[in-house]
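# Structure assessment
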Amino acid sequence: METITVLQWAFDALLGAALLGLAWWLLDSAELFRAIVLFIAFGLLMALAWVRLDAPDVALAEAAIGAGLTGALLLAALARLESKNQTKTNHKDHRGTEVHDGQR
Amino acid sequence: MNAVFLYALVGIGLFTLGLYALIVYRHLLRKILAINVMGSGVFMVLVALAARTQGATPDPVPHAMVLTGIVIAVSATALALALMLRLRAETGRTEFPEERLE
Amino acid sequence: MTDNGKQQMPFRLLLAVLLSTLAAGLGYAVLSLPSLAPGLSEQVAGKLETSGVSNPVTAVLLNFRAYDTLLELGVLLLALLGVWSLRGLPERRESSPGPVLDTLSRLLVPLLILVAGYLLWVGAYAPGGAFQAGSVLGAAGVLLLLAGWRPGARFAGLRLRIALVAGLGVFMGVGIMLILVGGHFLEYPPPFAAALILLIEAAATLSIGLTLAALFLGDRPETGARR
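Residues numbered from 1 in each chain as written. Chains lettered and ligands numbered in written order. Predicted model: local features only at pLDDT ≥ 70, side-chain atom pairs only at ≥ 80, totals over all residues.

### A short note on the overall build of chain A
Along its length, chain A carries 3 helices and 0 strands. Along chain A, helices and strands appear, N-terminal first, in the series α-α-α. Expressed as a percentage of the 104 residues in chain A, the buried residues total 37%. Long-range contacts, defined as pairs at least 24 residues apart, comprise 45% of the intrachain contacts of chain A with a sequence gap of at least 6. (Helix = DSSP H or I, 4+ residues; strand = E, 2+ residues; numbered from the N terminus. Buried ≥ 20, exposed ≤ 12 C-beta atoms within 10 Å, placed from the backbone. Contact = placed C-beta atoms within 7 Å.)

### Considerations on the interface of chain B and chain C
Taken together, the contact between chain B and chain C spans 42 residues of the former and 45 residues of the latter. Of all the secondary structure elements, the ones that give two or more residues to the side of chain B that touches chain C are helix H1 (3-24), helix H2 (28-50) and helix H3 (60-91) of chain B. The dominant element in the side of chain B that touches chain C, judged by the number of residues it contributes, is H3 of chain B, at 17 residues. Within the side of chain B that touches chain C, the residues separate by chemical class into 28 nonpolar, 9 polar and 5 charged. (Nonpolar A, V, L, I, M, F, W, Y, C, P; charged D, E, K, R; others polar.)

### Topic: helix H4 (residues 66-85) of chain C
For H4 of chain C, spanning 20 residues, the distance from its first C-alpha to its last is 29 Å, which sits close to the expected 28 Å at 1.5 Å a residue. Buried within H4 of chain C are the following residues: Ala66, Thr69, Leu70, Glu72, Leu73, Leu76, Ala79, Leu80 and Val83 of chain C. Looking at the buried side of H4 of chain C, the elements it contacts are H3 of chain B together with helix H3 (56-64), helix H7 (158-181) and helix H8 (193-217) of chain C. (Expected span 1.5 Å × (residues − 1).)

### What to know about the nonpolar core
Among the nonpolar cores identified, the biggest contains 119 residues, and Val47 and Ala48 of chain B are the most heavily contacted of them. At 15 residues, H2 of chain B tops the list of elements feeding residues into this core. Look past the residues within four positions of Ala48 of chain B in its chain and what remains in contact with it is Leu53 of chain A together with Val4, Tyr7, Ala8 and Gly11 of chain B. (Core = buried A, V, L, I, M, F, W, Y, C linked by C-beta atoms within 7 Å.)

### As for the environment of Leu180 of chain C
Residue and element names in this part refer to chain C. Topologically, Leu180 is positioned in helix H7. Residue Leu180 is classed as exposed on the basis of its 7 C-beta neighbours within 10 Å. A sequence separation of 43 residues divides Leu180 from Leu137, and the C-alpha atoms of the two residues are 33 Å apart.

### Some details on the environment of Tyr25 of chain B
In this fold, Tyr25 of chain B is placed in the loop between H1 and H2. Considered as a pair, Tyr25 of chain B and Gly13 of chain B are 12 residues apart in the sequence and their alpha carbons are 18 Å apart.

### Things to note about helix H5 (residues 99-122) of chain C
All names here are of chain C. Between its first and last C-alpha atoms H5 spans 35 Å; for 24 residues at 1.5 Å apiece the expected length is 34 Å, and the two agree. The largest bend in H5 amounts to roughly 25 degrees and is located at Ser105. Taken together, the buried positions of H5 are Ser105, Leu112, Ala116, Leu119 and Leu120. Where H5 is buried, its residues meet helix H6 (130-146) and H8. (Bend = angle between axes of the 7 residues up to and from the residue.)

### A few points about the packing of H1 of chain B against helix H1 (residues 9-31) of chain C
Their axes nearest at 10 Å, the elements H1 of chain B and H1 of chain C cross at an angle of 155 degrees. By the angle class used here, H1 of chain B and H1 of chain C are roughly antiparallel. Judged by the twist between their axes, the crossing of H1 of chain B over H1 of chain C is right-handed. Side by side, H1 of chain B and H1 of chain C meet where Phe5, Ala8, Leu9, Ile12, Gly13, Thr16, Leu19, Tyr20, Ile23 and Val24 of chain B of the first sit next to Arg12, Leu15, Ala16, Leu19, Leu22, Ala23, Leu26, Gly27, Val30 and Leu31 of chain C of the second. Its residues placed into classes, the contact of H1 of chain B with H1 of chain C shows 16 nonpolar, 3 polar and 1 charged. (Axes fitted to C-alpha atoms, helices over the stretch in contact; angles between N-to-C directions. Parallel < 35°, antiparallel > 145°, perpendicular 65-115°, else oblique. Left-handed = near helix turned anticlockwise from the far one by under 90°.)

### A few points about the packing of H4 of chain C against H7 of chain C
All names here are of chain C. Where H4 contacts H7, the axes come no closer than 10 Å and their chain directions differ by 155 degrees. Judged by the angle between their axes, H4 and H7 are roughly antiparallel. The crossing of H4 and H7 is left-handed. Taking contact as the criterion, the partners of Leu70, Leu73, Gly74, Leu77 and Leu80 in H4 are, on H7, Leu164, Val165, Gly167, Leu168, Phe171 and Met172. Partitioning the contact of H4 with H7 into residue classes produces 9 nonpolar, 2 polar and no charged.

### Remarks on the environment of Met44 of chain B
With respect to the helices and strands, Met44 of chain B occurs in helix H2. Met44 of chain B gets classed as buried once you count the C-beta atoms within 10 Å, which come to 26. Along the backbone, Met44 of chain B and Leu9 of chain B are 35 residues apart, and their C-alpha atoms lie at a distance of 9.0 Å. Other than its neighbours up to four places away in sequence, Met44 of chain B contacts Ala49 of chain A together with Tyr7, Val10, Gly11 and Leu14 of chain B.

Written out as structure tokens, the structure is:
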């Protein structure tokens, strides 16, 4: 009985640390595409946390909406952003430079 | 049962990280990501504090509030992304202008 | 100059210190809360039999705090109106789907619709309900849109708008009808509560799924001669 509690504590601590680390990693990452993919992973870990907190309804909604739909929305927006940018800057270190195309 | 407070502290940490990123970064998509992380932090505090009940079933009212909050967060994100794309189409910029700090 | 698209260094340091203080204050406030607090769970459990469902979260969402859910459907519709009124979004390159996406969407979309129907039904007595089912339906819509499907001209006009408004409309309709019958707004009589909740949830599932897929598409589907 004691080992179960210790294991549960260890799992909760690891999950909490993973959530915080993932949040910092996604907010600080250089490429936006990587940030969005990390955000989808963050949403899935949040769904795990909801299950640990006895909230299965919230876990279902978070997995579908928070991870899936928000991720799809963000990727679609990023594709629209970069489709205008493809002729100008290099994709690699895309950290919010000002776009200089005078078209449109 | 004290794992509840662990999750509540994680939620506060997520909120603070998101707030820092919201203020510091200038790209609008990063700000939208930061707002979503802040929202997730708030939801986590709500649901963690709802699990403090005696028996097995937690308090369902904060769960309903967080469900509503998740759906509203995705609608707000969609609208914010559309606004960002329209701003980009009009002005060609995806950042707020650099502010002088003096 | 600023580096990497962030603000300047001393500002960031000051901000980090201030936010750490904020986090410490919030942490202290949370940790000083009692470790055993039933909240409203006892009141909900006491009234659960007359609510029409046995899942407490569904009872809270669709019966005890039904007004909040009604307003939430309104917020969804409002966000879609906002996205549709921001015309002139940049065009996305339309590439034909590869064989993997094509096959997967054909396999997954019927399955997703089935899962959505199941989640809608089971929400009365197990985790599930209108929002979960609606979001799975929205995911099916997103998958279809990614595979290149667009609503035909026949569906994209008035029928689409009716289906989008159906959730909010049925909710308001049930509420007003209950006023006319003699009760208060959205006060379900206990014999009919289960049926009314299922009716509202079914309409809400359809609306939520369509709204989420339409938010993903972004542009308003053409109803004229173009497509």
